[in-house]
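# Fold and geometry: a report
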Amino acid sequence: MTISPDTQPLRTADLGTLVIMSWSRETPDGDVPFLLACSLGDGEGGAEATGAAVERLLGHAGLPVGEGVVDSARLPNLPVNLLVVPGAASLTMPGINAQFVPTPEWRRAVDERGYACLIFATRPWSGGEPGEGEAVAAFANDAATLASAAQVVLPVRTLRG
């Protein structure tokens, strides 16, 4: 008997340490802001259990895994939000409320575009110190990472006073 990952309970201890890294990439149309969210693979059951737990987390949030880039406008009830305020940002979704300090380049790109491209990897971080620019881009652009990640274009929300 096989149990679908969507029906298994989500144990936060299996997720391990989740990290969010921001960067922007120059394109012919200007800078594009990206976020990489992934686990360090240090959950209770090790790297394999961590990947399965992240996949369950994404399934509970309605984020499709391994289907390429999805525009959140196509997912009208998506419970995933990106809030950006001066000097900080926050990614929220069921089971996650992660604050992070974005790079100044990322913030400029977000201000210009009004969205960020989230790559939420089920594959655990592969080594090195999270946050190192070249290592982040290499991991996020790796075919194995992208094939097993949820990729979604998220509109940016801001506080208006």
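Structure: above.
Structure report, in brief. (Residues numbered from 1 in each chain as written. Predicted model: local features only at pLDDT ≥ 70, side-chain atom pairs only at ≥ 80, totals over all residues. Heavy atoms only, no water.)

### Side note on the packing of aromatic side chains
Stated formally: Aromatic rings from Phe, Tyr and Trp, with only the six-membered ring used for Trp, were paired whenever their centres fell within 6.5 Å, and each pair was classed as stacked if the ring planes differed by under 30 degrees, edge-to-face if by over 60, and tilted otherwise. Residue burial is assigned from relative accessible area. The probe radius is 1.4 Å, only protein chains are included, and a residue is buried under 20% of its type maximum, exposed over 50%, and partly exposed in between. Here a helix means four or more residues in a row that DSSP labels H or I, a strand means two or more in a row labelled E, and each is numbered from the N terminus.
Following the criterion strictly, the structure yields 3 aromatic pairs and no others. Both rings, one in F100 and one in W106, keep their centres 5.8 Å apart while their planes meet at 70 degrees; by these two values the pair is edge-to-face. Here F100 matches W106 in class, with each residue buried. Each ring, one from W125 and one from F139, has its centre 5.1 Å from the other, and the planes form 55 degrees; the classification is tilted. With W125 in the loop between β7 (115-121) and α4 (133-141) and F139 in helix α4, this residue pair connects regions lying 14 residues apart in the sequence.

### Points about the pairing of strand β1 (residues 18-27)
Formally: For two strands to be treated as a pair, DSSP must find no fewer than two bridges joining them.
In the sheet, β1 pairs with strand β2 (residues 30-39) via 10 bridges, with the strands oriented antiparallel. Within the sheet, the bridge partner assigned to V19 lies in β2 and is C38.

### With respect to the environment of W125
Basically, it comes down to this: Note on contacts: a residue pair is in contact if any heavy atoms of the two residues lie within 4.5 Å.
Given a relative accessible area of 9%, W125 falls into the buried group. In this structure the C-alpha to C-alpha distance between W125 and A37, which are 88 residues apart in sequence, comes to 9.3 Å. Contacts of W125, omitting those with residues within four sequence positions, involve M21, L36, C38, S39, L40, P130, A135, V136 and F139.

### Digging into the pattern of salt bridges
Opposite charge on two side chains allows them to pair when their charged atoms are near. Heads up, the condition is: Here, a salt bridge means any side-chain nitrogen of Lys or Arg that lies within 4 Å of a carboxyl oxygen of Asp or Glu.
One pass over the structure, following the stated rule, counts 3 salt bridges. Residue D14 is joined to R56 by a salt bridge in which the shortest nitrogen-to-oxygen separation is 4.0 Å. Of the two residues, D14 is situated in helix α1 (residues 12-15) and R56 in helix α2 (residues 46-61); the sequence distance between them amounts to 42 residues. Exposure remark for R56: the relative accessible area of 6% places this residue in the buried category. Two residues, R123 and D142, come together in a salt bridge whose shortest N-O distance is 2.9 Å. Here R123, found in the loop between β7 and α4, pairs with D142, found in the loop between α4 and α5 (143-147); they are 19 residues apart in sequence, far enough to count as distant. For R123, a relative accessible area of 27% corresponds to the partly exposed category. Looking at D142, the relative accessible area reads 30%, which means it is partly exposed.

### Thoughts on α4
Selection criterion: Arc, as used here, means the arc of the directions from the helix axis to the C-beta atoms.
Every buried residue of α4 is accounted for by V136, F139 and A140. End-on, the buried residues of α4 take up no more than an arc of 95 degrees, which puts them together on one face. Of the surrounding elements, those touching the buried residues of α4 are β1, β2, β7 and α5.

### Overview of the environment of G68
Inspection of the secondary structure puts G68 in the loop between α2 and β3 (69-71). In the structure, G68 is positioned 51 residues away from I119 in sequence and 9.8 Å away in space, judged by C-alpha atoms.

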